[in-house]
There are 2 protein chains.
Amino acid sequence: MHTSTVFPDQIQTLVTVINLVRTGQATTRPELGQISGLGRSVVAQRVEQAIHLGLLQNGELGPSTGGRSPRQLSFTADRARFVAIEFGVLHVGIAVLDLDLNPRMQSVQEWDIASGPDSSLEFVASIVEGLLAEEPVRPVWGVGVGVPGPVEFSTGRPTAPPIMPGWDGFDIRRWFESRFGAPTFVDNDVNLMAIGEFEALEVDHASDQLFVKVGSGIGAGVISGGNVHRGSNGAAGDVGHIAITDRSDIVCRCGQIGCLEAVAGGWALAREGAIAAAEGRSDYLADALETHGEIRPTDIAQGARAGDAVCAALISRSGRTVGEMLATLVNVLNPASVAVGGSIAEAGDLFLSVVRETVYRRSLPLATRDLRIVPSRMGHGAGVLGAGRLVAERVFRPESMTSWLPLTSPRRAFWAVYGSRAS
Amino acid sequence: MHTSTVFPDQIQTLVTVINLVRTGQATTRPELGQISGLGRSVVAQRVEQAIHLGLLQNGELGPSTGGRSPRQLSFTADRARFVAIEFGVLHVGIAVLDLDLNPRMQSVQEWDIASGPDSSLEFVASIVEGLLAEEPVRPVWGVGVGVPGPVEFSTGRPTAPPIMPGWDGFDIRRWFESRFGAPTFVDNDVNLMAIGEFEALEVDHASDQLFVKVGSGIGAGVISGGNVHRGSNGAAGDVGHIAITDRSDIVCRCGQIGCLEAVAGGWALAREGAIAAAEGRSDYLADALETHGEIRPTDIAQGARAGDAVCAALISRSGRTVGEMLATLVNVLNPASVAVGGSIAEAGDLFLSVVRETVYRRSLPLATRDLRIVPSRMGHGAGVLGAGRLVAERVFRPESMTSWLPLTSPRRAFWAVYGSRAS
């Protein structure tokens, strides 16, 4: 049988071999055999097929374990590209990644998500095409997109997103698949930040983790057994509108009263900061108001770091309120770690220390026994890395293989790679 | 190659074939080929091996799809037994199940978990042996055990369980494995109830679900993508001690103040019911106190159903408090459904209607758009069924095959089923 032909019943083992080398679990044919349980001839044939596909390559001779030294194998991450896109409310981050998720080209642009899907996606696609044109031609094998709202993951459509006017139900997946001819996965931005954050932290891949973003709004990404918990309507992690008080004077931008965001979100802190500035209670914020014409959430964070008492009180209240919410989540989910990111969390030690104190005081001892509460390390890069990780994880599954195998003739009874059985 | 020999690289495909028939996804050899992507000769050989193992059997000729009618295959659920055990605080449920989880023998006994592990496990094992002796001899291929406390799932040991004195760190898994020679899995009782409940509800197996038990204590089982979310220390779902108030007069049996259980748990309701009985505010409870010498949580539930105003007010308050906690969980987890069980929830429509009203009022519209809040259908049987499902799901994985394949000689270079290559 010619090695450049892949039959359907070889797909599973071919993908196994590629993934073991890609993820660094095996670097030689004997190791592949040991780990996969596949016979020597099957391993040899699959490796040849992967080499023909341009996904593996032979390298140096490795250390001998008694007999002939086995040849090292490596994954050809440069074979193709993934595109990772993260929409924020007022910016978009774009990266072209190799198959190992190393960024080859990247760009961050100001962009208002409220411009709607048509102009937003056209804007992003033209930037992607520009980035792709800057290096030798490589096929795009997958696209990952994050948006700041709930997403029906199975279809790649935003679902009633509160701060994305015009996007409700828009088929983002199909738009990118027809533009780039590559499988596309769309997810909520905080879910992707969670994936990216814990990818970077190199935690146990099957573990339970929690990521919370405290910026203008507040959202959480729940990792359960290594997978994002997205919920039945893609609304999981939408903690910003949990009712935390019955006080009727706490009005949220969503129209409800008593939401977490209306007490602890950056926009609510900025609203109160503006009042303090107007009332002459904070010189720092009065200066900021004069400089920018408004008080932004980052002004509160920076003010707290600069020692302004009003800002520090606001950050402290936010940390305590977020901490109480997190204590509940820690009791329910018992994560190994909680990573805290976003512009308010980046106020520094004050916010995190209040969060820590509150969580440890109000959670069960067992749930906090080994708990680590850490600042986000990845910052804004987490979402883009997460989008790439999401794509890589999906594309290298056996059932996705047809999307990236360059098939010559879909009408054949077997799947040919490049050439037929007779070639 | 003789079909009664299974080589390591055949395990994966053999288990695939067995599982496709076992779960009803395929009933003929051609269907097995279509679904698995395996070639005809591989399917034929694996089916013969499974028949030799006593796990599949040939049946009637099925409907023809053009050519010769294919022979129906069925799974031999009677081949072996699973043992399912669910410890409550004051009872233990035991079932001997066939491989399709049909109960063959069962028993429910009063038993105080505070007796400690040695006498408890000896008590249960002797009952299991009695049940097994009542029918023709079958090997035990797996044991599932539920206990009312947090469990480190990977080792099968309770972790600091508050109401199981003497059990902390006890190796339940090893105890059963040495007694019955079968792989044993230990989990928290509410996790197993969640598995059993949603197994019985036949929901989408990859879905997100939530089970909450409101009995003497309060616990939740979180299903994420079809899998139990157990948490880093096995403490996930331990919602009974979430701090819901700062009121210092609400003292919990755990020693903390303001816990959910201390307001809404059956033991707290019973405590208040006893005061009402003593103060002459409830004839119903005064009668119950005289009859039983104490007020039990079930007295409050039955009193509410009988129209007693004090009991109804307690059940209503419990429903509202549990509903507020569930509203937070619904926002965070966005489950497809919430099933509510336990002796307090079984008070009937009152409890559930208050829970529903509270959750719908305090959760995000998107998270409740398709949400179903339903009473538990399985009642006490959920935990035992869940223990069986847990075992079946684990035992029929390729990596578990060696635990139930009757190997003749572990020293051979290949795994023989019954006979060697030469036989």
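Residues numbered from 1 in each chain as written. Chains lettered and ligands numbered in written order. Predicted model: local features only at pLDDT ≥ 70, side-chain atom pairs only at ≥ 80, totals over all residues. Heavy atoms only, no water.

**Topic: the overall build of chain A**
Under the convention used in this document: Starting at the N terminus, helices and strands are each numbered in turn, a helix being any DSSP run of H or I of at least four residues and a strand any DSSP run of E of at least two. A 1.4 Å probe rolled over the protein chains alone gives each residue an accessible area, and that area as a share of the maximum for its type sets the label: buried under 20%, exposed over 50%, partly exposed in between. Pairs of residues are marked as contacts when any of their non-hydrogen atoms sit within 4.5 Å. Per-residue and other accessible areas were derived by the Shrake-Rupley procedure at a 1.4 Å probe size, with only the shown protein chains allowed to occlude residues. When charges are tallied, Lys and Arg are placed among the positive residues and Asp and Glu among the negative ones, while His and the ends of the chain are skipped. All charge positions are set by atom: Lys at NZ, Arg at CZ, Asp at CG, Glu at CD.
Within chain A, the secondary structure is distributed over 15 helices and 16 strands. Counting all 423 residues of chain A, 57% fall into the buried class. For chain A, long-range pairs separated by at least 24 residues make up 59% of all intrachain contacts whose partners lie at least 6 apart in sequence. Per element, the accessible surface of chain A, about 17300 Å² overall, is 50% carbon and sulfur. Treating the 36 positive side-chain charges of chain A as one cloud and the 45 negative ones as another, the clouds have centres 9 Å apart.

**Considerations on the relation of the copies chain A and chain B**
Rules: Each copy is superposed on the other by least squares, with the fit set by C-alpha atoms of residues at a pLDDT of at least 70 in both.
Superposing chain A onto chain B takes a rotation of 180 degrees combined with a translation of 0.0 Å along the rotation axis, leaving an RMSD of 0.0 Å. A rotation of that kind, with that shift, is consistent with a two-fold axis. The rotation axis passes nearest to the C-alpha of Ser224(A) in chain A, at a distance of 3.4 Å. Taken together, the interface assignments show that 100% of the residues at the interface of chain A recur at the interface of chain B, consistent with an identical surface on both copies.

**Considering the sheet that holds strand 7 (residues 140–147) of chain A**
Consider a sheet: its strands pair through backbone hydrogen bonds, and that pairing is either parallel or antiparallel. Residues and elements named next belong to chain A. Note the cut-off: We treat two strands as partners when DSSP finds at least two bridges between them. Only C-alpha atoms enter the line fits that serve as axes; for helices the fit covers just the stretch in contact. Angles between N-to-C directions range over 0 to 180 degrees.
What the 5 strands build is an open sheet, ordered 6-5-4-7-10; its pairing is mixed. Looking along the sheet, the strands with just one partner apiece sit at the ends: strand 6 (103–110) and strand 10 (184–188). Between one strand and the next, the sheet's axes are offset by a mean angle of 10 degrees, whatever the strand orientation. In terms of strand pairing, strand 7 meets strand 10 through 5 bridges, oriented parallel. Each residue of the ladder has a partner; that of glycine 144, found in strand 10, is phenylalanine 185. Contacting strand 4 (81–87), strand 7 and strand 10, helix 5 (residues 172–180) crosses the sheet at an angle of about 145 degrees to strand 10. Lying on the sheet, helix 14 (residues 381–395) is in contact with strand 4, strand 5 (91–98), strand 7 and strand 10; it crosses strand 4 at an angle near 135 degrees.

**A word on the pairing of strand 14 (residues 337–341) of chain A**
All names here are of chain A. In terms of burial, strand 14 is a largely internal element, 5 of the 5 residues being buried. The side-chain alternation of strand 14 yields two buried faces, one formed by Ser337, Ala339 and Gly341 and the other by Val338 and Val340. Where strand 11 (residues 209–214) meets strand 14, 5 bridges bridge the pair, whose relative direction is parallel. Across the sheet, the residue bridging to valine 212 is valine 340, located in strand 14. Two elements, strand 14 and strand 15 (residues 372–375), share 4 bridges in a ladder whose sense is parallel. Across the sheet, the residue bridging to serine 337 is arginine 372, located in strand 15.

**Quick word on the packing of aromatic side chains**
A ring pair, where both rings are aromatic, is described by two values, the distance of the centres and the angle of the planes. All names here are of chain A. Selection rule: To pair, rings of Phe, Tyr and Trp, with the six-membered ring standing in for Trp, must have centres within 6.5 Å; the planes then decide the type, stacked if under 30 degrees apart, edge-to-face if over 60, and tilted in the middle. Distance and angle both matter: a charge sits over a ring if NZ of Lys or CZ of Arg is within 6 Å of the ring centre and within 35 degrees of the ring normal.
Scanning the entire structure with this criterion turns up 14 aromatic pairs over all chains. With a centroid separation of 6.5 Å and an interplanar angle of 70 degrees, the aromatic rings of tryptophan 167 and phenylalanine 170 are classed as edge-to-face. Here the basic side chain of arginine 230 rests over the ring of phenylalanine 153, its NZ or CZ set 3.6 Å away from the ring centre.

**Observations concerning the interface of chain A and chain B**
Where we set the bar: Accessible area that two parts lose when put together, with a 1.4 Å probe and added across both, is what the buried area reports. Salt bridges, as used here, are contacts in which a Lys or Arg side-chain nitrogen is within 4 Å of a carboxyl oxygen on Asp or Glu. Polar contact criterion, stated in full: a pair of N or O atoms within 3.5 Å, where within protein one must be able to donate a hydrogen and the other to accept it, and residues adjacent in sequence count only if both atoms are side-chain atoms.
Taken together, the contact pairs 41 residues of chain A with 41 residues of chain B. Here chain A and chain B share an interface that buries about 3400 Å² over both sides, 53% of which is from carbon and sulfur atoms. Scanning the region where chain A abuts chain B turns up 2 salt bridges. A salt bridge links Asp246(B) to Arg362(A), with the shortest nitrogen-to-oxygen separation between them at 3.3 Å. Put simply, chain A and chain B have 23 residue pairs in polar contact (both at pLDDT 80 or more) between them. The set of elements that each furnish at least two residues to the side of chain A that touches chain B consists of strand 12 (218–224), helix 11 (309–333) and helix 12 (349–362) of chain A. Residue contributions to the side of chain A that touches chain B peak at 5 residues, all from helix 11 of chain A.

**A few points about the pairing of strand 4 (residues 81–87) of chain B**
Residue and element names in this part refer to chain B. For strand 4, a buried count of 7 out of 7 residues is recorded, marking the element as mostly surrounded by other parts of the structure. Burial of strand 4 is two-sided: the residues Arg81, Val83, Ile85 and Phe87 facing one way and the residues Phe82, Ala84 and Glu86 facing the other way are all buried. Note that strand 4 and strand 7 (residues 140–147) share 6 bridges and pair parallel. Pairing of alanine 84 across the sheet is with glycine 144, part of strand 7. Judged from the 6 bridges that link them, strand 4 and strand 5 (residues 91–97) form a sheet pairing that is antiparallel. Bridged to isoleucine 85 within strand 5 is isoleucine 94. Where strand 4 hands over to strand 5, the hairpin turn is made up of 3 residues, counted between the paired strands.

**Description of the confidence of the model for chain A**
Residues and elements named next belong to chain A. Spelled out, the test is: pLDDT expresses, on a scale from 0 to 100, how confident the predictor is about each individual residue.
Residues of chain A with pLDDT of at least 70 account for 93%, and the chain-wide mean is 89. Note that pLDDT drops below 50 for residues 407–423; the model gives that stretch 39 contacts with residues more than four away or on any other chain. Across the whole predicted complex the pTM is 0.87, and at the interface the ipTM reaches 0.86.

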